[in-house]
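This is what each chain is made of:
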Amino acid sequence: EAQVTQNPRYLITVTGKKLTVTCSQNMNHEYMSWYRQDPGLGLRQIYYSMNVEVTDKGDVPEGYKVSRKEKRNFPLILESPSPNQTSLYFCASSSDLYNEQFFGPGTRLTVL
Amino acid sequence: AQKVTQAQTEISVVEKEDVTLDCVYETRDTTYYLFWYKQPPSGELVFLIRRNSFDEQNEISGRYSWNFQKSTSSFNFTITASQVVDSAVYFCALRGRGSTLGRLYFGRGTQLTVWP
């Protein structure tokens with residue numbers, strides 16, 4: 001089944017404790033992206049990647065890191081999480097920049 | 001700058017009513033792509049439609065229709081004879097093909113509630 005998977009789905013952590021949210025797609029898609037969703041703000045893009053080893057910032061990259069060492073994986077790293085990073089995170093992929101994106105199920109992160 | 005405005009934060013209708021969700025966009029790019037996504041209460045994001053800037057034909061898919069008007073920079077979404085299962089948050093999104101290629105800009109979403 002074609003899908004985007006994210007892990008974990010739920011995470012409660014404390015300020016400053018490094019964490020990684022994994023994202024994987026099995027559709028051989030070139031393009032991958034991370035978004036955060038906050039009430040009243042819609043979805044905002046954090047980082048995106050147009051291909052392996054090619055990443056770039058979105059609207060809200062501060063406090064996040066990404067890497068794209070393999071085509072299928074695009075992990076999101078929070079080196080020192082803070083409470084303002086409490087949010088719902090979505091990973092997405094698409095075959096290219098112009099087609100629709102397929103979204104993962106989301107990761108709900110709470111930073112205490 | 002790229003921007004998407006969904007001025008309707010919440011809409012409530014009774015089943016079988018028609019409802020239109022507004023989407024207004026701003027872009028300086030001559031080539032761009034517009035999208036609509038649905039987020040039902042279960043939380044996943046579901047793709048509904050993509051439209052490129054050169055195709056102004058309206059689209060109909062069952063009870064759903066989309067009206068793209070470049071003259072007013074709008075890409076509105078109409079649900080005919082709404083049903084309870086249409087209750088969801090709907091997002092409009094824009095991708096330009098200029099200097100911000102790779103970026104996808106979402107509106108803040110419209111929460112649609114359809115009452116039985």
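Residues numbered from 1 in each chain as written. Chains lettered and ligands numbered in written order. Predicted model: local features only at pLDDT ≥ 70, side-chain atom pairs only at ≥ 80, totals over all residues. Heavy atoms only, no water.

J.: What am I meant to see in the interface of chain B and chain A here?
T.: Interface size is commonly expressed as the accessible area that is lost once the parts come together. Counting from both sides, the interface comprises 19 residues of chain B and, opposite them, 20 residues of chain A. Approximately 1,900 Å² of surface area, both sides summed, lies buried where chain B meets chain A, with 54% of it carried by carbon and sulfur atoms. Taken together, the links from chain B to chain A amount to one salt bridge. The salt bridge partner of Asp59 of chain A is Arg103 of chain B, with a shortest N-O separation of 2.3 Å. At the level of elements, strand S5 (32–39), strand S6 (46–52), strand S10 (88–96) and strand S11 (105–106) of chain B are the ones that each hand at least two residues to the side of chain B that touches chain A. Among the elements that line the side of chain B that touches chain A, the one with the most residues is S5 of chain B, at four residues. (Contact = heavy atoms within 4.5 Å. Buried area = accessible area lost by both parts, 1.4 Å probe. Salt bridge = Lys/Arg side-chain N within 4 Å of Asp/Glu carboxyl O. Helix = DSSP H or I, 4+ residues; strand = E, 2+ residues; numbered from the N terminus.)

J.: Sorry, what's going on with the pairing of strand S9 (residues 87–94) of chain A here?
T.: Both faces of the sheet carry side chains from a regular strand, because those side chains alternate between them. Residue and element names in this part refer to chain A. Taking burial as the measure, the eight residues of S9 include eight buried ones, the bulk of the element. Both strand S4 (residues 31–38) and S9 contribute to a ladder of seven bridges, which runs antiparallel. Its bridge partner lying in S9, Met32 is registered against Ser93. Sheet topology places S9 next to strand S11 (residues 107–111); three bridges connect them, and they run antiparallel. Residue pairing across strands places Leu88 opposite Arg108, the latter belonging to S11. Relative to strand S10 (residues 102–103), S9 runs antiparallel, the two being bridged by two bridges. Residue pairing in the sheet places Ser93 in a bridge with Phe102 of S10. (Buried < 20%, exposed > 50% of the residue type's maximum accessible area, 1.4 Å probe, protein only. Pairing = 2+ DSSP bridges.)

J.: It is not clear to me how the layout of surface pockets should be interpreted in this structure. Could you clarify?
T.: Take a probe with the size of a water molecule and roll it over the atoms, and the empty space left behind shows itself. By volume, the largest pocket amounts to about 370 Å³. Along its surface, the largest pocket is lined by 23 residues, and Gln37, Asp38, Pro39 and Gly40 of chain A together with Arg108 of chain B are the ones closest to its centre. At the level of elements, S4, S9 and S11 of chain A together with S10 and strand S12 (110–115) of chain B are the ones that each hand at least two residues to the lining of the largest pocket. Ranked by residues supplied to the lining of the largest pocket, first place goes to S11 of chain A with three residues. Here the residues of the lining of the largest pocket sort into seven nonpolar, 13 polar and three charged. (1 Å grid on protein atoms, 1.4 Å probe; cavity = no way out; pocket = protein on both sides within 12 Å on 5 of 7 lines; lining within 4 Å. Points joined across faces, edges and corners; volume = space filled by probe spheres on them. Nonpolar A, V, L, I, M, F, W, Y, C, P; charged D, E, K, R; others polar.)

J.: What is the right way to read the environment of Asn51 of chain A from this model?
T.: Residue and element names in this part refer to chain A. Locating Asn51 in the fold gives a position in strand S5 (residues 42–51). Assessed through its relative accessible area of 31%, Asn51 is described here as partly exposed. Ignoring any residue separated from it by four or fewer positions in sequence, one finds Asn51 in contact with Glu30 and Arg68. A polar atom in the side chain of Asn51 sits 2.8 Å from the side chain of Glu30. (Polar contact = N/O pair within 3.5 Å; in protein donor to acceptor, adjacent residues only side chain to side chain.)

J.: I tried to follow the pairing of strand S9 (residues 74–79) of chain B on my own but got confused; where do I start?
T.: Residues and elements named next belong to chain B. The buried fraction of S9 amounts to five of the six residues, a majority that puts the element mostly inside the structure. Pairing of strand S3 (residues 19–21) with S9, which is carried by three bridges, proceeds in the antiparallel orientation. Residue Thr20 lies in a different strand from S9, and its bridge partner there is Thr78. Where strand S8 (residues 64–69) meets S9, six bridges bridge the pair, whose relative direction is antiparallel.

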